[in-house]
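The residues making up each chain are set out below.
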Amino acid sequence: MAKDQINNAVDQQQIQYKSGMTRRDSLKLMMALAASTLLPAVLTGCDSAPVSKTDTGAEAAKTTSEHWPELKLSPITATGYGKDPNLILPPASPWPLTLTQAQLTLVAVLADILVPREGAVPSASEVHVPAVVDEWVSAPYERQQQDRVTILSALAWIDDEAQMRFSKTFVALTKVQQKAIMDDIAFDTAETPAQFKRIASAFGRFRSLVLAAFFCTPEGTKDIGYVGNVPIGGDYPGPTKEAYAHLDKVLADLGLTEYAYPIQT
Amino acid sequence: MKDFDFEVLVVGSGAGGSMAAYELTKAGHKVLMLEAGRDYDPKTETPMFKRNGEAPLMGAGTIDKDFGYYDATVDGGWNVPNEPYTAADGSEFLWWRARMLGGRTNHWGRYSLRFSEHDFKGKSRDGLGADWPFDYEDIAPWYDKTEALVGVCGTNTGLDDMPPSSDGILQPPPKPRITELLIAAAAKKLGIPLAPMHRAVLTRPLDNRAACFYATPCGHGCSIGAAFQTTTSLIPMAKATGNLQVITDAMVKSVDTDENGKVTGVSYVDKKTSTVHQLKAKVVILAASACESARLLLNSKSARFPQGLANSSGQVGKNLMDSTGANIGALVPALQGRPIYNEDGHTANHLFIPWWGHKAQERKELDFPRGYHFEIGGRFSEPNSGIAGYVQGYGPDLKRQVKQNYGAYIGFALRGEMVPNEHCYMDIDPEVKDKWGIPVARFHWKWSEHELNQVAHGLKTAKAIFAEMGADVGELPTPEQAILKGGEIIHEVGTTRMGASPKDSVTNQWGQSWDCPNLFVMDGGVFASNPHKNCTLTIMTLAMRNSSWLSAQLKQGAI
Ligand SMILES: Cc1cc2nc3c(=O)[nH]c(=O)nc-3n(C[C@H](O)[C@H](O)[C@H](O)COP(=O)(O)OP(=O)(O)OC[C@H]3O[C@@H](n4cnc5c(N)ncnc54)[C@H](O)[C@@H]3O)c2cc1C
Ligand code: SF4
């Protein structure tokens, strides 16, 4: 336990997610982060301290009734990029970023729980997903302002829950404790207990945003397998042999083979 | 333009205005074009290869850029700063405007389907709306000319909703995608055919324009000219004749007339200096887009034309139509985890579902009079802010879900014909004015049972096709819930309709206003009906045909 506390104390200082840069400096920033010994250690979660079973807060969770942070957010009044931004120069989002350091760090930790590093594929924070989340919730447009309320409330809820269950911020929790909370809120289904419904839905919005931000990066786009945006000389080649073969099987399974559209190959 | 002795003044540089300018300048007439938006050069301004990830908010649409950050629309969209419009109580209408050289042709979908004989004579068949004052046969050769000039890919299908182009006119269509082939098989089982979409996209080089290289969202614009936009084709071609001059940032506020009712020219605001200028012209062609041209006419009042210019029939602003629209989609489990390949193609439909129900309508088996088509979507596209879809959990399994579902969502977009009704029109708001003091348009809107029944049919049909693909679209919304807002499909037409009689129409079949022989309308305002097939090919075809007629009149001294 004591060791755990020490670890967390160290973590607290170390996992300051680097903010203040836009993701468009991403290459530069990524290299800087890779060189830094601070961030990856925490974000990949080497939390080896043993944790007792009761420490997952299962008991606490059961007794927690629904709570919801009523945030007083001042509306974003900044202007947008306007109707005629220069589309050729690297774009700028003129509105100020609004997440605090603590919020950014929490976003980074959550984003990496959602999208951890897998082999050579970087984690969400390694490709600056938190910067995109910050840009999104700070934007002066209607949809983003709605998301701002949803997402900031979710962040506040998660820290409140961590405090109620474990008397610490979420970031300071052990992996196992974090996982306990995640297991309660990361599934928004018919079976989700009433007290987690609202947060599960809000967290779902956050999850979609993190996933989008991840897959929109060059690394994420490669990971999902998108192979377009490359000029092709001559006619469009159409599906590959493998893709046609798969279609044949699908048509057969669905009983549609005899209705197949004629293909000129 | 003191040193340029022009004969014809064209208002607007979009599809209609540019085609008119092209046809007239080629025939040797000097043309001056006025465009309210800024000058725009696709060669240097088009963000063709830009990725969503580079854009603010992953390129998501905002009120500043409705169709996404890199969409080619500049200074336009549902909202145009300084240029409001209003809706009457209980009405909702969305009015899309582009304020740039080339207008909406810089970013339109380029779907280019011919209307058929059937489409031009709806009233003769079912008694609703109005017939056009000419037959398909009259316009067919002009469709050929327009398609050949613009560059349209597709094939002749023999389907009764798709009249054939003459041999050698259409460019070959690109191969269909897997998603489209699956839909085609599922639909065919229900007796519904799919066909290559006709699109104003070059699959072969044409004049100075390159063939498509199948890589970039056409909504960004196409600096190589493969996706048709007037700024890479008609305007430079017309300029090359030496007979065209263009003034941008020139907002026309009224059409001026003399005491005999003859049009003498226009007054416009130079937006850069906020000063008003008058220009004299022998002929004025309005091609500012349907509702903008109608607004101009209604605002051009005089003692002789107290209800607005060219409005002795009282029809200016009336008969406002849009296409019907509704979206329906689902995850198709059979497509999950399918083999990935480059599915960009020309980035819009290679196959689509044309209207197949003419015969059933003739037999009175359907409870709606006019047809619709489905545009279809679903491919391995570049990730955007909506890529995640409906997924659960966290960690490696979460990402696996998104990858499984990648390329497995299919969406149908219904586009249907609307019958004009007395509740759908525009007039001038008695109070509100724009920044330049020009009274603004006010919209009145209500869908009728025809459109609602049609959408209900479309939703049911789509559900059945999805079911054949093993997909469940869930409980269907009511048509009232599903139908998109008036104006939302951006095919607004009819406000200055053409007809056979000055009593119930604004122009004759040549787009010449009945009231003033030297005033023409060459945008979608002249449509007598709005078949489900997107309107722009027909706007251009009419502008070409009618400008050719106008040229002959000018040469004969008849105008
Ligand atoms: C996203 C999108 C997708 C579309 N997809 C398709 C499709 O696939 N197929 C299809 O057929 N149609 C499509 N359309 C519709 C199509 O763009 C329009 O039907 C067509 O462009 C109308 O041409 P137009 O010349 O009448 O008007 P516009 O292209 O709007 O041009 C009018 C021009 O006049 C100027 N103007 C307006 N008022 C004034 C004034 N007072 N003084 C001076 N200038 C003025 C405007 O600034 C504008 O540049 C789409 C539209 C959008 C926005
Ligand atoms: S896909 Fe083809 S037509 Fe469309 S913008 Fe790219 S090159 Fe042009």
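For clarity, every value in this text was computed on a predicted model and none was experimentally measured.

K.L.:
Whenever I open this one, unusual backbone geometry confuses me. Can you help?
P.N.:
Leave glycine aside and you will find that most residues have negative phi; peptide bonds, for their part, are mostly trans. All names here are of chain B. One non-glycine residue with positive phi stands out, namely Ser274, at about 55°. Turning to its location among the elements, Ser274 is positioned in the loop between β7 (263–270) and β8 (275–280). The class for Ser274 is partly exposed, based on a relative accessible area of 47%. The phi angle at Asn319 is positive, at roughly 60°, despite the residue not being glycine. Structurally, Asn319 can be placed in the loop between α8 (290–299) and β10 (324–331).

K.L.:
Hey, could you run me through the pattern of salt bridges in this one?
P.N.:
If charged atoms from side chains of opposite charge come close, those side chains can pair. Residue and element names in this part refer to chain B. Under the criterion given, the structure shown has 37 salt bridges over all chains. A salt bridge links Lys272 to Asp249, with the nearest nitrogen and oxygen atoms 3.3 Å apart. With Lys272 in the loop between β7 and β8 and Asp249 in the loop between β5 (244–247) and β6 (250–257), this residue pair connects regions lying 23 residues apart in the sequence. Overall, the relative accessible area of 67% leaves Lys272 in the exposed class. Salt bridges sharing partners connect three or more residues here, namely Glu83, Arg99, Glu292, Arg295 and Asp434.

K.L.:
What exactly am I supposed to notice about the site of ligand 1 here?
P.N.:
Residues and elements named next belong to chain B. As a matter of local geometry, ligand 1 sits amid 35 residues, with Glu35, Arg104, Gly109, Glu292 and Thr536 nearest to it. Arg99 places a polar side-chain atom, nitrogen or oxygen, 3.0 Å from an oxygen atom of ligand 1. One nitrogen or oxygen atom from the main chain of Tyr111 is found 2.9 Å from a nitrogen atom belonging to ligand 1. Here ligand 1 loses 95% of its free accessible area of 990 Å² to cover by the protein chains. Of all the secondary structure elements, the ones that give two or more residues to the shell around ligand 1 are α1 (15–26), β6 and α13 (536–556). The leading source of residues in the shell around ligand 1 is β6, at three residues. The residue inventory of the shell around ligand 1, partitioned by class, reads 18 nonpolar, 11 polar and six charged.

K.L.:
Help me understand the pairing of strand β9 (residues 283–286) of chain B in this model?
P.N.:
Within a regular strand, the side chains alternate between the two sheet faces. Residue and element names in this part refer to chain B. The two faces of β9 match: Val283 and Ile285 on one face and Val284 and Leu286 on the other face are all buried. Pairing analysis gives four bridges linking strand β1 (residues 8–11) to β9, with the strands arranged parallel. The partner of Leu9 across the bridge, within β9, is Val284. Judged from the three bridges that link them, β9 and strand β16 (residues 519–521) form a sheet pairing that is parallel. Within β16, the position partnered with Leu286 by the bridge is Val521.

K.L.:
I would appreciate a short explanation of the site of ligand 2 in the present structure.
P.N.:
Inspection of the region around ligand 2 gives 13 residues, with Cys212, Phe213, Thr216, Cys218 and Cys222 of chain B positioned closest. Within the shell around ligand 2, the residues separate by chemical class into 10 nonpolar, three polar and no charged.

K.L.:
Mind showing me how you'd approach the nonpolar core here?
P.N.:
A general tendency of soluble globular proteins is for nonpolar side chains to be buried together. Counting residues in each nonpolar core, the largest one holds 228 residues, and the members touching the most others are Phe170 of chain A together with Leu34, Ile285, Phe412 and Leu519 of chain B. Top element by residues in this core is helix α9 (residues 194–215) of chain A. It accounts for 12 residues. Dropping the residues within four chain positions of it, Ile285 of chain B is found in contact with Val8, Leu9, Val10, Val11, Ala20, Leu24, Phe520, Met522 and Leu550 of chain B. Tyr111, Ala195, Met197 and Ala348 of chain B belong to the second largest nonpolar core, which has seven residues in total.

K.L.:
What's the story with the side chain of Ser300 of chain B in this structure? I'm lost.
P.N.:
Residue and element names in this part refer to chain B. Within the secondary structure, Ser300 sits in the loop between α8 and β10. A distance of 2.8 Å separates a polar side-chain atom of Ser300 from the backbone nitrogen of Val255. In terms of polar contacts, Ser300 uses its side chain to reach the backbone carbonyl oxygen of Leu296, at 2.7 Å. If sequence neighbours within four positions are ignored, Ser300 has contacts with Ser254, Val255, Phe305, Gly308 and Leu309.

K.L.:
Any chance you could explain α8 of chain B here in plain terms?
P.N.:
Residue pairs three or four apart in sequence face the same way in an α-helix, which turns once every 3.6 residues. In terms of residue burial, α8 of chain B counts as a mostly covered element, since 10 of its 10 residues are buried. Where α8 of chain B is buried, its residues touch β1, β6, β9, β14 (425–433), β15 (439–444) and β16 of chain B.

K.L.:
Quick question: what am I supposed to make of the sheet that holds β5 of chain B here?
P.N.:
In a beta sheet, neighbouring strands pair by backbone hydrogen bonds and run either parallel or antiparallel. Residues and elements named next belong to chain B. What the five strands build is an open sheet, ordered β5-β2-β1-β9-β16; its pairing is parallel. Looking at the sheet topology across the chains shown, the edges are occupied by β5 and β16. Taken over all neighbouring pairs, the strand axes of this sheet differ in orientation by 20° on average, direction set aside. Each of β1, β2 (31–34), β5 and β9 is contacted by α1, which is oriented at about 170° to β2, the strand it contacts most.

The rules we used
Residues numbered from 1 in each chain as written. Chains lettered and ligands numbered in written order. Predicted model: local features only at pLDDT ≥ 70, side-chain atom pairs only at ≥ 80, totals over all residues. Heavy atoms only, no water. Helix = DSSP H or I, 4+ residues; strand = E, 2+ residues; numbered from the N terminus. Buried < 20%, exposed > 50% of the residue type's maximum accessible area, 1.4 Å probe, protein only. Salt bridge = Lys/Arg side-chain N within 4 Å of Asp/Glu carboxyl O. Near = heavy atom within 4 Å. Polar contact = N/O pair within 3.5 Å; in protein donor to acceptor, adjacent residues only side chain to side chain. Areas by Shrake-Rupley, 256 points an atom, 1.4 Å probe, with all protein chains shown as cover. Nonpolar A, V, L, I, M, F, W, Y, C, P; charged D, E, K, R; others polar. Pairing = 2+ DSSP bridges. Core = buried A, V, L, I, M, F, W, Y, C linked by side-chain atoms within 4.5 Å. Contact = heavy atoms within 4.5 Å. Axes fitted to C-alpha atoms, helices over the stretch in contact; angles between N-to-C directions.

Limitation: the analysis is restricted to geometry and does not speak to function.
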